[in-house]
Amino acid sequence: MGSSRSKPATMPNEGSAHFSKLKDDITCSICLHEIHDPVSITCGHTFCKPCISSYWSTPQPFGYRCPECRKVCPRDQLIPAYRLQQLVSKVQLVVKEEQSKLAPPRAVQLVYTDASNKMGLDESVLDGCFLDSKISDYPLCLICVIGEKRRGKSSLMNYILRALYSLEKGQPISLGEQDETLHGFEWRSGTDSITKGIWLWNRPFLLERNGEKMAVFVLDTEGSMDIESDRETCVKLSALSMLLSSYLIFNINASLKTTELDYLEHLNILVRDWHNPDDCGRDAAKSYMEHETEKLRKSATYRRVLETLRSPSASGFLLPHPGKTFLRSSEGRQSDMDDDFRSHLTTYISNLVEEVWLHRKTDVHGERITCGQLGRMLKDFVSTLQQENFSFASPIEMFYALENHKNLKITVKIFQDFVTNKAPSSSSPIKVLKVRPSNMREVVSEEALRLLQEYEQNLRGSNDTARKNLICEMKALLDQEVEKFCSEYSKRFTKCAVGIGCAVGGGILSLAGGIVGAAVAGTVLATEAVIIGGAVGGSVGGAIGTGVGGGVGGIIGHIAKKKDQMPDDQGNSNGSTPEDTQKLVPKAE
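In this text, all values refer to a predicted model and were calculated from it rather than measured experimentally.

Novice: Can you help me understand the overall build of the chain in this one?
Specialist: When helices and strands are counted, the chain shows 18 helices and 12 strands. For the chain, the proportion of its 589 residues judged to be buried stands at 44%. Considering only intrachain contacts with a sequence separation of at least 6, the fraction spanning at least 24 residues in the chain is 66%. Accessible surface computed for the chain: about 31000 Å², of which carbon and sulfur atoms make up 50%.

Novice: Where do I start with the confidence of the model for the chain in this structure?
Specialist: Any residue range with low pLDDT should be treated as having predicted coordinates unsuitable for detailed reading. In the predicted model, the chain carries a mean pLDDT of 75, and the fraction of residues at 70 or more is 67%. Below pLDDT 50 for its whole length, residues 1-17 participates in 33 contacts with residues either more than four positions away or in separate chains. This stretch, residues 529-561, has a pLDDT under 50; its non-local contacts, to residues over four places away or in other chains, come to 68 contacts.

Novice: How do you make sense of the packing of helix α5 (residues 153-168) against helix α10 (residues 339-354) when you look at a structure like this?
Specialist: Packed helices, taken two at a time, are described by their axes: the angle between them and the distance between them. Running from amino to carboxyl end, α5 crosses α10 at an angle of 55°, the nearest separation of the two axes being 10 Å. It follows from the interaxial angle that α5 and α10 lie oblique. α10 is crossed by α5, and the crossing has right-handed handedness. Packed against α5, whose contacting residues are Leu156, Tyr159, Ile160, Ala163, Leu164 and Leu167, the element α10 presents Leu345, Tyr348, Ile349, Leu352 and Val353 at the interface. Residue composition of the contact of α5 with α10, by class: 11 nonpolar, no polar and no charged.

Novice: Is there a simple way to think about the sheet that holds strand β3 (residues 79-80) in this case?
Specialist: Two modes of strand pairing occur in sheets, parallel and antiparallel, and in both the strands are linked by backbone hydrogen bonds. The three strands lie next to each other as β2-β1-β3, forming an open sheet whose pairing is antiparallel. The open sheet has two edge strands, β2 (46-48) and β3, and neither has a second partner. The pairing of strand β1 (residues 38-40) with β3 spans two bridges and is classified as antiparallel. By the bridge assignment, Ser40 is partnered in β3 with Ile79.

Novice: Any chance you could explain the pairing of strand β7 (residues 197-201) here in plain terms?
Specialist: On a regular strand, one side chain projects to one face of the sheet and the next to the other, so that they alternate. Here β7 lies mainly inside the structure; five of its five residues are buried. Where strand β4 (residues 107-113) lies against β7, five bridges are found, and the strand directions are antiparallel. Following the sheet pairing, Ala107 is matched in β7 by Trp201. As defined by bridge partners, β7 adjoins strand β9 (residues 212-222) across four bridges and the pair is classed as antiparallel.

Novice: I tried to follow the pattern of salt bridges on my own but got confused; where do I start?
Specialist: Throughout the structure, instances matching the rule amount to 15 salt bridges. Ionic pairing is found between Glu212 and Arg360, a salt bridge with its closest N-O pair at 2.9 Å. Placement of the pair is Glu212 in strand β9 and Arg360 in the loop between α10 and α11 (371-387), with a sequence separation of 148 residues. Three or more residues joined by partner-sharing salt bridges are found here, namely Glu123, Asp127 and Lys379.

Novice: Looking at this structure, how should I read the environment of Arg209?
Specialist: Within the element layout of this structure, Arg209 appears in strand β8 (residues 205-209). For Arg209, a relative accessible area of 37% puts it in the partly exposed group. If we skip the residues at most four places from it in the chain, Arg209 touches Trp357 and Arg360.

Novice: Would you mind going over the nonpolar core with me for this structure?
Specialist: Inside soluble globular proteins, nonpolar side chains tend to come together where they are buried. Ranked by size, the top nonpolar core spans 46 residues in total, and within it Leu110, Phe130, Leu140, Phe217, Leu219 and Leu240 carry the most contacts. With six residues, the top contributor of residues to this core is α11. Setting aside anything within four residues of it in sequence, one finds Leu219 in contact with Leu110, Leu142, Ile143, Cys144, Val145, Met157, Phe185, Ile198, Trp199, Leu200 and Leu244. Core analysis: the next-biggest nonpolar cluster, separate from the first, contains 36 residues, Cys141, Tyr159, Leu161 and Phe205 among them.

Novice: Is there a simple way to explain the packing of aromatic side chains in this structure?
Specialist: Centre-to-centre distance and the angle between the planes together describe a pair of aromatic rings. Scanning the entire structure with this criterion turns up seven aromatic pairs. With centroids separated by 5.0 Å and ring planes inclined at 65°, the aromatic side chains of Trp274 and Tyr288 adopt a geometry described as edge-to-face. Here the residue Trp274 occupies a position in strand β11 (residues 267-274), and Tyr288 occupies one in helix α7 (residues 282-296), the gap between them amounting to 14 residues. Here Phe317 and Tyr348 contribute two aromatic rings whose centre-to-centre distance is 5.0 Å and whose plane-to-plane angle is 55°, an arrangement assigned as tilted. Separated by 31 residues along the polypeptide, Phe317 in strand β12 (residues 315-320) and Tyr348 in helix α10 bring together distant segments of the chain.

Novice: Please clarify how unusual backbone geometry should be interpreted in this entry.
Specialist: Backbone phi values are negative for most residues with the exception of glycine, while trans is the configuration of most peptide bonds. The backbone of Leu32 shows a phi angle near 65°, a positive value even though the residue is not glycine. Position of Leu32 among the secondary structure elements: in the loop between α1 (17-20) and β1. Residue Leu32 is classed as exposed on the basis of its relative accessible area, which comes to 58%. Even without a glycine there, the phi angle at Asp273 is positive, about 55°. Considering the arrangement of structural elements, one finds Asp273 in strand β11. Overall, Asp273 belongs to the partly exposed group, its relative accessible area being 28%.

Novice: Is there a simple way to explain α5 in this structure?
Specialist: An α-helical turn contains 3.6 residues, so a residue and the one three or four places further along point in the same direction. A rise of 1.5 Å per residue sets the reference length of α5, with its 16 residues, at 22 Å; its end C-alpha atoms lie 22 Å apart and thus fit the reference within 8%. Of all 16 residues making up α5, 13 are buried, and the element is well covered by its neighbours. Gly170 sits one or two positions beyond α5 and adopts a positive phi of about 75°.

Novice: Would you mind going over the side chain of Thr221 with me for this structure?
Specialist: Relative to the elements of secondary structure, Thr221 occurs in strand β9. There is a polar contact of 2.7 Å between the side chain of Thr221 and the side chain of Ser241. Every residue in contact with Thr221, bar those within four places of it in the chain, is listed here: Cys144, Val145, Ile146, Lys153, Gly197, Ile198, Leu237 and Ser241.

Novice: Sorry, what's going on with the environment of Leu248 here?
Specialist: Along the chain, Leu248 falls in strand β10 (residues 247-253). Overall, Leu248 belongs to the buried group, its relative accessible area being 2%. Through-space distance from the C-alpha of Leu248 to that of Ile146 is 7.6 Å; in sequence the pair is 102 residues apart.

Novice: How do you make sense of α10 when you look at a structure like this?
Specialist: For α10, built from 16 residues, the straight-helix expectation of 22 Å at 1.5 Å per residue is met to within 8% by its first-to-last C-alpha distance of 22 Å. Burial in α10 covers these residues: Phe341, Arg342, His344, Leu345, Tyr348, Ile349, Ser350, Leu352 and Val353.

Novice: Honestly, the environment of Asn404 in this entry has me stumped. Any pointers?
Specialist: Positionally, Asn404 belongs in helix α12 (residues 395-422). Expressed as a C-alpha distance, the spacing of Asn404 and Leu470, which sit 66 residues apart in the sequence, is 7.9 Å. With sequence-adjacent residues up to four places away left out, Asn404 is seen in contact with Tyr455, Asn458, Leu459, Arg460 and Leu470.

Criteria and thresholds
- Each chain has its residues counted from 1, running along the sequence as written.
- pLDDT decides what is reported in this predicted model: residues at 70 or higher carry local features, side-chain atom pairs at 80 or more are listed and counted, and totals for whole chains, interfaces and linings draw on all residues regardless.
- Computation of side-chain values covers all heavy atoms of the structure but excludes hydrogens and water.
- Counting from the N terminus, the helices are the DSSP runs of H or I reaching at least four residues and the strands are the DSSP runs of E reaching at least two.
- For the exposure calls, accessible area comes from a 1.4 Å probe over protein chains only, and a residue counts as buried if that area is under 20% of its type's maximum, exposed if over 50%, partly exposed in between.
- Here, two residues are considered to be in contact whenever any of their heavy atoms come within 4.5 Å of each other.
- A 1.4 Å probe and the Shrake-Rupley method give the accessible areas. Residues count as covered only by the protein chains that appear here.
- On a range of 0 to 100, pLDDT expresses the predictor's confidence in each residue.
- Working convention: axes come from line fits to C-alpha atoms, limited for helices to the stretch in contact. Angles between N-to-C directions cover 0 to 180 degrees.
- Between 65 and 115 degrees an angle is taken as roughly perpendicular, under 35 as roughly parallel, over 145 as roughly antiparallel, and anywhere else as oblique.
- By definition, any crossing whose near helix is turned counterclockwise from its far helix by less than a right angle is left-handed, and any crossing with a clockwise turn is right-handed.
- Polar here means any residue other than Ala, Val, Leu, Ile, Met, Phe, Trp, Tyr, Cys and Pro, which are nonpolar, and Asp, Glu, Lys and Arg, which are charged; Gly is therefore polar.
- What makes two strands pair is DSSP finding at least two bridges between them.
- What counts as a salt bridge is simple: a side-chain nitrogen of Lys or Arg found within 4 Å of a carboxyl oxygen of Asp or Glu.
- For this analysis, a nonpolar core means a set of buried residues of the types Ala, Val, Leu, Ile, Met, Phe, Trp, Tyr and Cys, connected via side-chain atoms within 4.5 Å.
- In summary, the pairing rule links any two rings of Phe, Tyr or Trp, Trp by its six-membered ring, whose centres are within 6.5 Å, and it sorts them by plane angle into stacked for under 30 degrees, edge-to-face for over 60 and tilted for everything else.
- Multiplying 1.5 Å by the residue count of a helix minus one yields the expected span of that helix.
- Under this definition, polar contacts are N or O atom pairs within 3.5 Å; protein pairs additionally need one hydrogen-donor-capable and one acceptor-capable atom, and for neighbouring residues in sequence, both atoms have to be side-chain atoms.

Structure, rendered in C-alpha cells:
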C-alpha cells in the first residue's frame, strides 16, 4: 500500500556513521524510503503525506488507524513536520558530500563537441569544480596540454597529477613507485583517440604557501590538432585551451614544424622523441628555440610567433624517446622507461610543479582571477563561440577575438561602476544640486572617451576590419550608457530642485512662500535650460491653494535663464541657446 509516486533512492548504508542512527527516524514506515513531505498524525507518528493519504484512501469500518501503533486517528488532521523535512534534507546533503569525498577523482569532460562539431559546455562539471563555495574565491593555476594525438599527452598529465598530489600532501615531489601502474586521464598506445574536447581532473589540488591558498587544475585537450577534425573545431578547442590555461604545454613530436606555429602563445614547448638523448633538457631547448628564431627572422609570415619565442613567457624542454618497452606497454610504468627518458621526465615535471605558484591565472591588468570568476568567464566564452560565426585561420586569432570581446564587457562594467560612484542613489538632494546635468554629462563623457581610447590601445590581433568593428561597437555601447545615465541624472536633478522649492515654499505657507519656493526651483532649473514652471508651481502653489506659485515660478525661472544667457562685455553668451517659455500666470478675471 503506499504512494504510487516516484521515490528517491534510500540513504546508502555507507553514509556517515554519525547520521546512520537517524535512518529509522527519517524513514517512512509505509514506503520504507526517506520521508518526503512529512506529516504527523494525532498519535505522534510521522509519514510521507502522499503515503498516509493513500493508505487511508479506502474507508475503514472501525476508523482510520495508524500503520504503526494501530490507534484510531482523525483522517483530516495531518500536521506538517517542517523541522523533520529540514533534518532529512541536511542528512541527505551530508551523506552526498561524504560520498563525493569517498569517490575517487577522475577525468570529466568539461567542453565537448557534438556530431555537427558544435561546441558545448557541461555546466554541472563547471559548477562542481569552479563554482563550489569552498574554493570559488581561491586564485587558481590551470595546467593544460595541447598537441597531436598519440604523442603521450595523457600519460604526461597523469605523471603531473602524481607530482601535484605529493606536493599537496607536503611530501617531496614524486612520480610514484617504479612499478606502479599509471592511472588518471585515459591514455592509449593504439590508434584510437579519446573523445574530442577539454577534459578536466574533477578535483583541484589545494596548495598553501605562507598562509595563501591556491587551487591547481589539470586539463587535457583532445582534438585540438587532430588532422581528422575540421579546422574550425581545432581552432576553437585550441583557443579555449589558451584562454583557460595559465601554463600551457605544447606537446609536439621530434621538432617544431611550421604547420604547428599558429598555436604558439605564452606556453611551454615540450619536444618529445628528441633525436639526441645526450642533448636534452631545458638548456638544450633554449638553444634549439634560439636556432628556430633565427630561421623565422627571414620570414614575415610568422612575425607573431617570432615575438612569442623571444618573449620571457616562452620556455621549452627536450625529451628523448621513452623506449620501445614503454610504448608497447599499456601500464605506463616508470620501470618500462629508458633511464635517460625517466630522468629527464622527472626533472621536467619537478620543475613545472615547483614553479606552479608563478603561474597563477591573471587578467589583462595583472589581477589574479579566482575559480568563480573563471567559471563565469568560461560560460561566457562558450556562449560567444556558439552564437558568433567565427572563421579564423588560427587559434591565435580566435584567442584574440575572444579576449577582445571579454575586454569589451569589462570596459562597459568599469564605466557603469564609475557613474554609480559619481552619483550614488543615496546622494542627498543638496549634493545632487551641486553638479548640474550639463557638467555631469561633460565628466562622464570624458571618462567614456578615455575608456574607449584605452580599449582601442589594448585591442589584440592584426585584423584591421575586426578592430574597427569592435571600436565602433565599444563606442556605441559607451554612448548608450552615457545617454542612459545622463537622462536618469537629469530626472533626479529636476526632482531635487522641485523638492527644495516645495520645502521652502511650504515652510512659509503664504503667497510669498509660493513665490519664494517657485523662485528657488525655477532658478535652479533655469540654469539648465529646463523650465518647468507649471510643474514647479503646481507642487508649490498646491500648498496655498492657488496657481500663483506656478505662474511666478515660470516667470522667475524664465528671467533667471534669460539673465544667464545675456552677452558679456565681449558679446559672448553665458548660457545655452534661449528657448521660449510660456508664462503661466493666470489672467485676472
